[in-house]
Amino acid sequence: MSEIQLKSATATAPSNIALIKYMGKTSNHDGTNRPVNSSLSLTLSGFRSHVRVSEIEKERGAIDWAPFRKAGLQAPELSERGREKFFQHAVRCFERLGSGLPQRGILIESANDFPSDCGLASSASSFAALTLAIATFLGLDVEERSVRSKLSALSREGSGSSCRSFFSPWSVWNEEGASRGEGLPGSNLLTHVALVVDDSKKRVSSSEAHQRVSTSLLMRGRPERAETRLNLLLDCLKRSLGTDGQTSWNRAAQLVWAESWDMHALFETSDPAFGYFAPESLRVLNLVRDMNEAALSRDASFRFPLVTMDAGPNVHLIFWKSEQASLYIDDLRTKVRSFARMIEGALI
Ligand code: PMV
C-alpha cells in the first residue's frame, strides 16, 4: 500500500514596532480592522514568528494548534480566545487564497524567537507568518509584489498591525494599505534595543484597547494629530540622511516620544481608564532622558535614540549607529541591570 503524502508548509515573519501608532478603529468598521489614522513602523527582522501548517489524518474542517518545537523558539501561551482568532484567520486564508479548507484536517504549529505577549508585538508577526504559511501551502509566490500586498491586506483582517510586517525596513499603513516606506534610513544605519521590564502577559489586550480608546475625549482630533505627526516624522527621517541630518533626526526623536505618550494618554483617559506602565518603565524613560543630555554635552553631534512603548511596559529604543551609541547602549545595559533585561539584534 502506498503511503499518503501529507502536505506541509513553513513560514516566518518579523515583528514590527510602530513609531506612529495604530490605535482605534473606525466606528463603521466591518471587522476588517480599519484604523482611524495611518501608521508607520520599523520592521524588527530579528524578532520573528515561525508557523508550520500541515495536513493531518483528521476529517476536513478539523483544526488543531500545537507549539512549534525547534531550538531557539519560545512557544506562546495561546489562550482559548487567541487560538480561536488564529483558527478563524486560517479558515479566512484558505477561503480567500484557495478553494476552502483542505480535504483533511490541519495542524498549525507556531512559536516565536522572542518573548510573547509583552508589548513586543507578537500578534503582528504570528498573524503575518500564519498568512504566509498558508499562502506557501497553497503554492503562491509570496515574494511577488502584488501577491505580497494581497497577503498584507488579508493578514490585516486577523491582526491590524500584522499588515505592516510584510514590508521592510519601514512600513507605512495608510488608506491604500501597507507598503514599504521609501527614502528612509536603512536598517544598516540603525540599532534596535528593547528593555524588557516585565514579560508577563498583558492585562488589557490590544483588541480591547482599540475599543476602549473610543471613550477618551482625547480621541477627538487624534486622527488629524497622528496624520500631521506622521508627515512631519517622515520628512524628518528623510532629512536625517542629508546634510545637517542630526537636527532632523533629533526632531524625529521628539515626535516619536510625543506619539508614544499620545497613545498612552489615550489609554489613561479612557473610561474605564487602563494603562501598561510599570514603575520600571518610567525609570527607564527618565534614565534615557538624563543619558541623552549627558551624551549631547559630551558630543554635540550626538543623535538621540527614538524612544517608544507599545501596548506593554517595555521600552524600545532605536539608535542611529555610532561609536557614541554603542557606548550609550553599554552604559544603559549596566544601569538597568537590576530591573530590566536588554534585548538587541532585532534589526538584521
Ligand atoms: O494589531 P493589533 O490589533 O494587535 O494592534 C496593535 C496596536 C499597537 O501595537 C498598540 C500599536 C501599533 O500600531 O502596532
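Below: a short report on this structure. Note that the structure is a prediction, hence the values are computed from the model and not measured. (Residues numbered from 1 in each chain as written. Predicted model: local features only at pLDDT ≥ 70, side-chain atom pairs only at ≥ 80, totals over all residues. Heavy atoms only, no water.)

Among the secondary structure elements, His-50 is positioned in strand β2 (residues 39-56). C-alpha separation for the pair His-50 and Leu-233, spaced 183 residues apart in sequence, amounts to 32 Å. For His-50, the contacting residues outside a window of four places in its chain are Ala-11, Thr-12, Phe-68, Lys-70, Leu-73, Glu-109, Ser-110, Ala-111 and Asp-113. (Helix = DSSP H or I, 4+ residues; strand = E, 2+ residues; numbered from the N terminus. Contact = heavy atoms within 4.5 Å.)

Here we take up the sheet that holds strand β9 (residues 315-320). The sheet built from four strands is open, its strands ordered β8-β9-β7-β10 with antiparallel pairing. Edge positions in the open sheet fall to β8 (306-309) and β10 (341-344), since each of these has one partner strand only. Pairs of neighbouring strands in the sheet enclose a mean axial angle of 25 degrees, with direction left out of account. Alignment of strand β7 (residues 190-196) against β9, held across six bridges, turns out to be antiparallel. Bridge assignment links Ala-194 to a residue of β9, and that residue is His-316. Sheet strands in contact with helix α6 (residues 245-268) are β7, β8 and β9, and its direction is about 10 degrees off that of β8. (Pairing = 2+ DSSP bridges. Axes fitted to C-alpha atoms, helices over the stretch in contact; angles between N-to-C directions.)

For the coordinates displayed, the defined rule picks out one cavity of 30 Å³ or more. In this model, the largest cavity occupies a volume close to 50 Å³. Surrounding the largest cavity, Trp-257, Ser-260, Trp-261, His-264, Phe-277, Leu-285, Val-307, Thr-308 and Met-309 form its lining. Secondary-structure elements contributing two or more residues to the lining of the largest cavity are α6 and β8. A breakdown of the residues in the lining of the largest cavity according to their chemical character gives six nonpolar, three polar and no charged. (1 Å grid on protein atoms, 1.4 Å probe; cavity = no way out; pocket = protein on both sides within 12 Å on 5 of 7 lines; lining within 4 Å. Points joined across faces, edges and corners; volume = space filled by probe spheres on them. Nonpolar A, V, L, I, M, F, W, Y, C, P; charged D, E, K, R; others polar.)

Time to look at the packing of aromatic side chains. One pass over the full model with this rule turns up 13 aromatic pairs. Ring geometry for Phe-94 and Phe-137: centres 5.6 Å apart, planes at 90 degrees, overall edge-to-face. You can see Phe-94 sitting in helix α1 (residues 80-97) and its partner Phe-137 sitting in helix α2 (residues 122-137), a full 43 residues away along the chain. Of the two residues, Phe-94 and Phe-137, both sit in the buried class. An angle of 65 degrees between the planes, with centres 5.1 Å apart, marks the rings of Phe-319 and Tyr-328 as edge-to-face. The class for Phe-319 is buried, based on a relative accessible area of 0%. These aromatic residues form a ring-pair network of at least three members: Phe-302, Phe-304, Phe-319 and Tyr-328. A cation over a ring is seen here: Arg-283 above Phe-339, with NZ or CZ 3.9 Å from the ring centre. Over the ring of Trp-320 we find Arg-303; its NZ or CZ atom is 4.0 Å from the centre of that ring. (Phe/Tyr/Trp six-rings, centres within 6.5 Å; stacked < 30°, edge-to-face > 60°. Buried < 20%, exposed > 50% of the residue type's maximum accessible area, 1.4 Å probe, protein only. Lys NZ or Arg CZ within 6 Å of the ring centre and 35° of its normal.)

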